[in-house]
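Residue-level structural notes
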Amino acid sequence: MAKRGRAAGRSTTEKTAGVVELPKGTRPDGPVEGVYYIDTGDCELIADQDNSNGWLLRINGVMSSHIDLADPLFLDFEYMRWISALVESRWARDSRPKLRALHLGGGACSLARYFHAAFPDARQVVVELDGKLAGYVRGWFDLPKAPLMRLRVGEARAVTESLTPQTRDLIIRDVFAGSLTPRPLTTREFNEYARGVLAPGGMYVVNSGDAPDLRNAREDAATIADAFKYTVIIADPAMLKGRRFGNMIMAGSDVPFDDDPGLARRLLGGGVPAHIWNDAKVRAFAAGASVRHDPPAGDPASQAAS
């Protein structure tokens, strides 16, 4: 689950629909507005008042995802547009790469659905902690079937640690508990696992949420920079200057991120224009911030993290 912000200029509805009860063992047959009980709490499916084909998913009170049933290439949330732009700057759509992607955090599978449309030969796994939510999402939305996309129920770190080295080109971490990513998914040791799962030239992308003090973002950046040779950050100027709560997109790789003017133009052209920081700026931003580590074995915190 993730903390996500919608694009500027689009309205959100505060209407709360009634609870939808489904017979045990069944899935919904298409989207039906309402509140659904899930394994980790509750979620609300909301019809998008601005888009007759659009649906919003709110999980435990936090707006999580948007789906356009008619157009999988439409991403309503700006941070998802930034991720797609960054990925497509490395893997051009017209080259039809056989992209192997791992999504940590499922929600409505908006990005996985996007990449299926953008890269028809891609093979994707989406890891979702909440099994009941995963079943609902399969029933609500027109998701690609296996092997093109598999929806795997499990804890993101445990699944990542179980994977064969060098078997993914792209890993996207978009997991939240409240306003922050669970710490076990932010440490140097987890970053090392993710780096090991990536094939040469692969990319690790995270959605980092933070308050204006940017302490969490600086620690995220410091930890990623410690694990990966090359890094970038994408965010809007207000977020980069610590003027609001919001999201930064960070990425690490073993190969340089191209100085792509097309990417810079694409980021500036969105509803919320964003800037991209190169590796030098990322490391300057992270200077002095702590690199996060797993607690020592036997520490009570390590028991809580598991």
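Residues numbered from 1 in each chain as written. Predicted model: local features only at pLDDT ≥ 70, side-chain atom pairs only at ≥ 80, totals over all residues. Heavy atoms only, no water.

A few points about the packing of aromatic side chains
Applied cut-off: Ring geometry is summarised as follows: Phe, Tyr and Trp rings, the Trp one being its six-membered ring, pair when their centres sit within 6.5 Å, and such pairs are stacked at plane angles under 30 degrees, edge-to-face over 60 and tilted between the two. Cation placement over rings: the criterion is NZ of Lys or CZ of Arg within 6 Å of the ring centroid and within 35° of the ring normal.
Within the structure shown, the criterion is met by eight aromatic pairs. Pairing Tyr114 with Phe115 gives two aromatic rings, centres 5.5 Å apart and planes at 85°, and the pair type is edge-to-face. Feature note: the residues Tyr36, Tyr136, Trp140 and Phe141 constitute an aromatic cluster, connected by ring pairs. One Lys or Arg, Arg90, reaches over the ring of Phe257 and ends 4.8 Å from the middle of that ring.

Side note on the confidence of the model for the chain
For the record, the criterion: Confidence scores here are pLDDT values: one per residue, from the predictor, ranging 0 to 100. When checking whether two residues touch, look at their non-hydrogen atoms; a contact exists if any pair is within 4.5 Å.
Chain-level pLDDT for the chain is 91 on average; 92% of the residues reach the 70-or-more range. Below a pLDDT of 50 lies the segment residues 1–14, which in the model reaches 54 contacts outside its immediate sequence neighbourhood of four places, other chains included.

A closer look at the pattern of salt bridges
Put simply, the test is: Salt bridge criterion: a side-chain nitrogen from Lys or Arg within 4 Å of a carboxyl oxygen from Asp or Glu.
In total, this model carries 17 salt bridges according to the counting rule given. Within the structure, one salt-bridge network assembled from shared partners comprises Arg173, Arg215, Glu219, Asp220 and Arg292.

Here we look at empty space enclosed by the protein
Put simply, the rule is: Whether a set of points on the 1 Å grid over the protein atoms alone is a cavity depends on a 1.4 Å probe fitting there but being unable to get out, while an open set qualifies as a pocket with protein on both sides within 12 Å along at least five of seven lines; lining residues are those with an atom within 4 Å of a point. Grid points are joined across faces, edges and corners, and a volume is the space filled by probe spheres set on the points. Here a helix means four or more residues in a row that DSSP labels H or I, a strand means two or more in a row labelled E, and each is numbered from the N terminus.
On inspection of all chains with the given rule, the structure shows two cavities of 30 Å³ or more. The volume enclosed by the largest cavity comes to roughly 120 Å³. Lining of the largest cavity is provided by 15 residues; of these, His103, Gly105, Gly106, Leu111 and Asp174 occupy positions nearest its centre. The set of elements that each furnish at least two residues to the lining of the largest cavity consists of strand E5 (100–104) and helix H2 (110–118). Among the elements that make up the lining of the largest cavity, the one with the highest residue count is H2 (three residues). Lining of the second largest cavity is provided by Ala221, Ile224, Thr231, Val232, Ile233, Met250, Ala251 and Val282.

As for the nonpolar core
Heads up, the rule is: As used in this record, nonpolar core signifies buried Ala, Val, Leu, Ile, Met, Phe, Trp, Tyr and Cys residues forming a set joined through side-chain atoms within 4.5 Å. Relative accessible area decides the class of each residue, using a 1.4 Å probe on protein chains only: under 20% of the type maximum gives buried, over 50% gives exposed, and in between gives partly exposed.
Ile83, Leu86, Val87, Phe115, Leu170, Met203 and Val205 are the most contacted members of the largest nonpolar core, which totals 34 residues. Counting residues per element, the ones that place at least two in this core are helix H1 (78–90), H2, strand E8 (168–173), strand E9 (198–210), strand E10 (230–235), strand E11 (246–253) and helix H8 (261–268). For this core, the leading source of residues is H1, giving seven residues. If we ignore the near neighbours within four places in the chain, the residues touching Ile83 are Leu111, Phe115, Ile172, Val205 and Ile249. One finds Val125, Val206, Leu214 and Val282 within the second-largest nonpolar core, a separate group that totals 33 residues.

Remarks on the environment of Phe257
With respect to the secondary-structure elements, Phe257 resides in the loop between E11 and H8. Overall, the relative accessible area of 16% leaves Phe257 in the buried class. Expressed as a C-alpha distance, the spacing of Phe257 and Tyr230, which sit 27 residues apart in the sequence, is 7.1 Å. Residues contacting Phe257, with those up to four places away along its chain left out, are Leu86, Arg90, Met203, Tyr230, Thr231, Val232, Ala251 and Gly252.

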